[in-house]
Amino acid sequence: MFSIVTLYYRGDRFLDGLKENLRNQIGGHSFEWIIVDDYSNDGISHTELQRISSSSVFEIKCIFLEKNYLGSESVRRALEILEGEYTIILDQDDKLTLDGLDLFSKALKRHADQEKIAGICGRCVDQNGYIVGKKFPYDEIVANEPTIRHVYRIKGEFFQCTRSEILRSHIKDFEPGYTNGWLWNEISRSYDYVYVNSVVRMYNQNNPSSLSRSKKIRLQNAQYKQGLKYINDNAEYMQFDKLGFLRIILQFARISIHSEVKLSELFDVLSRKIFKWVVFVWPLACVRVFIDRARGALN
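## What about the overall build of the protein chain?
Phase 1 of the analysis: Tallying secondary structure elements over the protein chain gives 11 helices and 9 strands in all.
Phase 2 of the analysis: A globule of 299 residues ought to have a C-alpha radius of gyration of about 19 Å, and the protein chain, at 20 Å, matches this closely.
Phase 3 of the analysis: Judged by the C-alpha coordinates and their principal axes, the protein chain covers about 60 × 45 × 35 Å.
Phase 4 of the analysis: Summed over all atoms, the accessible surface of the protein chain reaches about 14,800 Å², with 51% contributed by carbon and sulfur.

Okay, structure coming up:
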């Protein structure tokens, strides 16, 4: 039923714990584990991945990429070989709660007859057991991600279990430098998720080598393209979440400057309303860029 995809990069220290975590899942659900090595090239990972997959009570498949794509190619390659009806993207330094698959399975069965639903989205706790963000106002909400983020204004960490066929149909334009948020935004144009308060992932916030927690600015041109699409796709939600959307616009302006995009160029690619807000935050974005350069944040 499930394909669990782990985006791996020089994470041999996490392998045994993650394998044990998956082995101890309750409910007897069928799943496979696909580990995609994003060209670790460290002399250790290849051997460790072969070891971890050599003996197991569940199927483990390993894919070894021949160059590093900052995670953007990993899900695409996994989708080419995975067999599960639903895909779960689990980072190497995170874990499922022991009833995570069981919670996903039960929620999926409750909504099995609804074709517009892409999957289930649960909540995360940090390494100390505290929920990351505030809870949803209801135990279950059927909505898309922009509605959750901007109408309900829930800004915490979510964890998706998605129909594999839907991921396959949206992954083709996923570029190096894009985050998984690009995927969720694309899917939200046509599908909803069932958002539940049930905790399904333990989210590691203490891994300094995590790409998502790095203070370096990488592939800013791709970040610019992702930010531009998000703002244009979801401008209608600004009326519900002006402050939150203003932060997004500030970050977009910051990345635009790093990408050497002039303010005048944005006039033709943004709605007039959004462009006015970009003009408003542009001086502050310039200050942020100055600080970035002073700190050597560009990679």
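After that view of the structure, there is still more to cover.
## Looking at the pattern of salt bridges
Phase 1 of the analysis: In the structure shown here, the tally under the stated rule is 19 salt bridges.
Phase 2 of the analysis: A salt bridge links E145 to R149, with the shortest nitrogen-to-oxygen separation between them at 3.3 Å. Within this pair, E145 and its partner R149 are both found in helix α5 (residues 145-151), separated by 4 residues, close to a single helical turn. Of the two residues, E145 and R149, neither departs from the other in class, the shared state being buried.
Phase 3 of the analysis: Here D173 and K172 are joined by a salt bridge, their closest N and O atoms 3.1 Å apart.
Phase 4 of the analysis: We classify D173 as partly exposed; its relative accessible area is 40%.
Phase 5 of the analysis: Judged by its relative accessible area of 62%, K172 is exposed.

## Things to note about unusual backbone geometry
Phase 1 of the analysis: If you check the backbone angles, R10 has positive phi at about 50° while not being a glycine.
Phase 2 of the analysis: With respect to the secondary-structure elements, R10 resides in the loop between β1 (2-8) and α1 (12-23).
Phase 3 of the analysis: Here the phi dihedral of N41 falls at roughly 50°; this positive angle occurs in a residue that is not glycine.
Phase 4 of the analysis: On the secondary structure map, N41 appears in the loop between β2 (31-37) and α2 (45-54).

## Considering the packing of α1 against α2
Phase 1 of the analysis: Their axes nearest at 10 Å, the elements α1 and α2 cross at an angle of 10°. Overall, the two elements α1 and α2 adopt an arrangement that is roughly parallel. Packed against α1, whose contacting residues are D12, L15, D16 and K19, the element α2 presents E48, L49, R51 and I52 at the interface.
Phase 2 of the analysis: Here the contact of α1 with α2 is built from residues that sort into 3 nonpolar, no polar and 5 charged.

## Things to note about the side chain of S188
Phase 1 of the analysis: Inspection of the secondary structure puts S188 in helix α7 (residues 180-188).
Phase 2 of the analysis: A residue is classified by how much of its surface remains accessible, and S188, at 7% relative accessible area, is buried.
Phase 3 of the analysis: Not counting chain neighbours up to four residues away, the residues in contact with S188 comprise N144, E145 and P146.

## Observations concerning the packing of aromatic side chains
Phase 1 of the analysis: Counted under the stated rule, the structure contains 14 aromatic pairs.
Phase 2 of the analysis: Between F31 and F58 the ring centres are 4.8 Å apart and the planes differ by 40°, which places this aromatic pair in the tilted class. Here F58 lies in the loop between α2 and β3 (59-64) and F31 lies in strand β2, a separation of 27 residues in the sequence.
Phase 3 of the analysis: Assessed through its relative accessible area of 10%, F58 is described here as buried.
Phase 4 of the analysis: Seen in terms of ring centroids, F158 and Y195 are 5.8 Å apart; in terms of plane orientation they differ by 70°. Their pairing is edge-to-face. Here F158, found in strand β8 (residues 158-163), pairs with Y195, found in strand β9 (residues 192-202); they are 37 residues apart in sequence, far enough to count as distant.

## Here's the deal with a nonpolar patch on the surface
Phase 1 of the analysis: A surface patch of nonpolar side chains, amounting to about 390 Å² of accessible area, comprises L284, V287, F290 and I291.
Phase 2 of the analysis: Checked against the element boundaries, F290 lands in helix α11 (residues 272-295).

Rules of the game
Residues numbered from 1 in each chain as written. Predicted model: local features only at pLDDT ≥ 70, side-chain atom pairs only at ≥ 80, totals over all residues. Heavy atoms only, no water. Helix = DSSP H or I, 4+ residues; strand = E, 2+ residues; numbered from the N terminus. Rg over C-alpha atoms; globule rule 2.2 N^0.38 Å. Areas by Shrake-Rupley, 256 points an atom, 1.4 Å probe, with all protein chains shown as cover. Salt bridge = Lys/Arg side-chain N within 4 Å of Asp/Glu carboxyl O. Buried < 20%, exposed > 50% of the residue type's maximum accessible area, 1.4 Å probe, protein only. Axes fitted to C-alpha atoms, helices over the stretch in contact; angles between N-to-C directions. Parallel < 35°, antiparallel > 145°, perpendicular 65-115°, else oblique. Contact = heavy atoms within 4.5 Å. Nonpolar A, V, L, I, M, F, W, Y, C, P; charged D, E, K, R; others polar. Phe/Tyr/Trp six-rings, centres within 6.5 Å; stacked < 30°, edge-to-face > 60°. Patch = residues over 30% accessible without salt bridge, like charges linked within 9 Å, V, L, I, M, F, W, Y side chains within 5 Å.

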